[in-house]
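# Results of the structural survey
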Amino acid sequence: MKHFTSILQLGDLSEALAEAAAVKADPFADQQLGRNKTVLLVFFNNSLRTRLSTQKAALNLGMNPIVLDVNQGAWKLETGRGVVMDGDKSEHLLEAIPVMGSYCDMIGVRSFARFESKEDDYNEVILNQFIQYSGKPVFSMEAATRHPLQTFADIITIEEHKTKPRPKVVMTWAPHPKALPQAVPNSFIEGMSMTDYDFVIANPEGYDLAPEFVGNARVTHDQDEALAGADFVYAKNWASYEQYGQVLSRDRSWTVTKEKMALTDNAFFLHCLPVRRNMIVSDDVIESPRSLVIPEAANRVVSAQTVMKRLLERL
Ligand code: AN0
Ligand code: CP
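Residues take numbers from 1 onward in each chain, read along the sequence in its written order. Chains and ligands are labelled by the order in which they are written, letters from A for the one and numbers from 1 for the other. Per-residue local features are limited, in this predicted model, to residues with pLDDT of at least 70; the limit for side-chain atom pairs, both in listing and counting, is 80 or more; totals at the level of whole chains, interfaces and linings are taken over all residues. Side-chain metrics in this entry use all non-hydrogen atoms of the structure; hydrogen atoms and water are not considered.

The helix and strand inventory of the protein chain stands at 12 helices and 11 strands. For the protein chain, whose C-alpha radius of gyration is 20 Å, the value lies close to the compact-globule estimate of 20 Å for 315 residues. By its C-alpha atoms, the protein chain is 55 × 50 × 35 Å across when sized along the principal axes. Accessible area is worked out with a 1.4 Å probe on protein chains only. A residue is then buried under 20% of its type maximum, exposed over 50%, and partly exposed in between. Taking all 315 residues of the protein chain together, the buried fraction comes to 55%. Sequence separation of at least 24 residues holds for 80% of the intrachain contacts in the protein chain that already meet a minimum separation of 6. Only the protein chains shown count as cover for residues, and all accessible areas are computed by the Shrake-Rupley method using a 1.4 Å probe. Working note: accessible area of the protein chain is about 13600 Å², and carbon and sulfur atoms make up 49% of it. Under the scheme used here, helices are H or I runs from DSSP no shorter than 4 residues and strands are E runs no shorter than 2 residues, and both carry numbers assigned from the N terminus. Using C-alpha atoms as the atom set, the radius of gyration is obtained and then compared with a globule rule of 2.2 Å times the number of residues to the power 0.38. Contacts are assigned to residue pairs that have any heavy atoms within 4.5 Å of one another.

Okay, here's the thing in structure tokens:
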């Protein structure tokens, strides 16, 4: 694994989960591995969990993390090639990336879908330029189409809490006032394809995800039917893929409430956070003892540490 941009790159999932469990049991075991190594974390978008958990993971590995918020204090970056730079952007990504690469041993990048062009987003134009021009191993901290560090933490959390060998996991769309990327749900589907869970996606019409991600996964437009007998409910909003980047519905009958959870088999509730209460999920569900959102977020350290450990081992 030279770069980490998709959960599929973990290869054998049970091996990756065993490695993650070892990292969690003894977080400081690899302090020497990262000695004198620097990881640069580049954020084009906001973050709480990824920003903190990845730095904590780096420190656990003995590495030095440095963080750049591109939109706060750096020069405004042009990303299009051939543009006459006579506007407000002072620097081009094509210089910025190799410069950043020269200051570190590996780079994490957060670069959300911009919803300006489906093609650019689904071709991961920003992330791929980091891979092409930085000269360093690159890992995604949520790019345009995937959020693999989140998915890995999600699977670790499900594995820690499942009581059946093959739990029913439902990923349900839920309403949100603004357009959100498809990275988290796309990536979760990829992750589920590595398991033998009974996996179902529930979303309203118009919200079917990209066919290349959905693959053979089961999709229903009936949320109640999906929730019946569920062991884990994974809620997430995303903007329409078909009408790219559009918010077609804010239908709060899709909010995950106590009544919805009553349809499940006493399911656990998961969400990657940040979450808008009483849009995505009701207060009582997120506060209930079946809500795993906090342990799920805590597992982001384990996920990032396991991935950066693998990247360090290949340096
Ligand atoms: C982002 C998203 O939905 O992709 C990040 C989630 C980890 N969420 C928001 O922008 C609110
Ligand atoms: N779940 C997640 O990635 O959260 P942040 O956007 O706060 O990093």
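A few words on the site of ligand 2. Contacts to ligand 2 come from Ser 47, Leu 48, Arg 49, Thr 50, Arg 110, His 147, Gln 150, Cys 272, Leu 273 and Arg 300. Within 3.5 Å is the distance limit for a polar contact, defined as a pair of N or O atoms, with the added protein rule that one can donate a hydrogen and the other accept it, and that residues adjacent in sequence qualify only through two side-chain atoms. Residue Arg 300 places a side-chain N or O atom 3.0 Å away from an oxygen atom belonging to ligand 2. Taking 250 Å² as the accessible area of ligand 2 by itself, protein coverage stands at 94%. Taken together, the residues of the shell around ligand 2 break down into 3 nonpolar, 4 polar and 3 charged. Each domain's extent was defined by an automatic or database domain assignment. Both of domain 1 (7-146 + 300-312) and domain 2 (150-296) provide at least three residues apiece to the shell around ligand 2. Summary of the distance rule: residues count as near a molecule or strand when at least one heavy atom falls within 4 Å of that molecule or strand. Think of it as three bins: nonpolar holds Ala, Val, Leu, Ile, Met, Phe, Trp, Tyr, Cys and Pro, charged holds Asp, Glu, Lys and Arg, and polar takes everything else, Gly as well.

Extensive coverage of strand 1 (residues 38-43) is indicated by the burial of 6 of its 6 residues. The side-chain alternation of strand 1 yields two buried faces, one formed by Thr 38, Leu 40 and Val 42 and the other by Val 39, Leu 41 and Phe 43. Strands are labelled as partners when DSSP assigns at least two bridges between them. In the sheet, strand 1 pairs with strand 2 (residues 64-69) via 6 bridges, with the strands oriented parallel. Bridge pairing links Thr 38 to Asn 64 in strand 2.

What follows deals with the nonpolar core. By convention a nonpolar core is built from buried Ala, Val, Leu, Ile, Met, Phe, Trp, Tyr and Cys residues, the set being connected through side-chain atoms within 4.5 Å. Counting residues in hydrophobic clusters, the biggest one holds 72 residues, and the most contacted among them are Phe 139, Phe 152, Met 171 and Met 308. Tallying contributions element by element places helix 12 (residues 293-313) first for this core, with 8 residues. Of the residues that make up this core, three or more belong to each of domain 1 (7-146 + 300-312) and domain 2 (150-296). Filtering out sequence-adjacent residues up to four positions away, Phe 152 remains in contact with Ile 7, Leu 10, Ala 16, Leu 17, Ala 20, Ser 303, Thr 306 and Val 307. Listed in part, the 17 residues of the second largest apolar core include Val 70, Cys 104, Ile 107 and Val 138.

Split into domains, the protein chain comes out as domain 1 (7-146 + 300-312) and domain 2 (150-296). The distance between the C-alpha centroids of domain 1 and domain 2 comes to 25 Å. Counting residues at the interface gives 27 residues for domain 1 and 33 residues for domain 2. Both faces considered, domain 1 and domain 2 share a buried interface measuring about 2500 Å² in area, 68% of it formed by carbon and sulfur atoms. Taken as a group, Ile 7, Phe 115 and Tyr 122 account for 29% of the area that domain 1 buries against domain 2, more than any other trio of residues on that side. Note on definitions: salt bridges are taken to be side-chain nitrogens of Lys or Arg within 4 Å of carboxyl oxygens of Asp or Glu. Counting across the domain 1 and domain 2 interface gives 2 salt bridges. With its nearest N and O atoms 2.8 Å apart, the salt bridge here joins Glu 160 to Lys 24. Where domain 1 meets domain 2, there are 8 residue pairs in polar contact (both at pLDDT 80 or more). For the side of domain 1 that touches domain 2, the secondary-structure elements that each account for two or more residues are helix 1 (13-25), helix 4 (118-122) and helix 12. Looking at side-chain class alone, the side of domain 1 that touches domain 2 contains 15 nonpolar, 5 polar and 7 charged residues. What gets called buried area is simply the loss in accessible area from a 1.4 Å probe that two parts show on being joined, summed for both.

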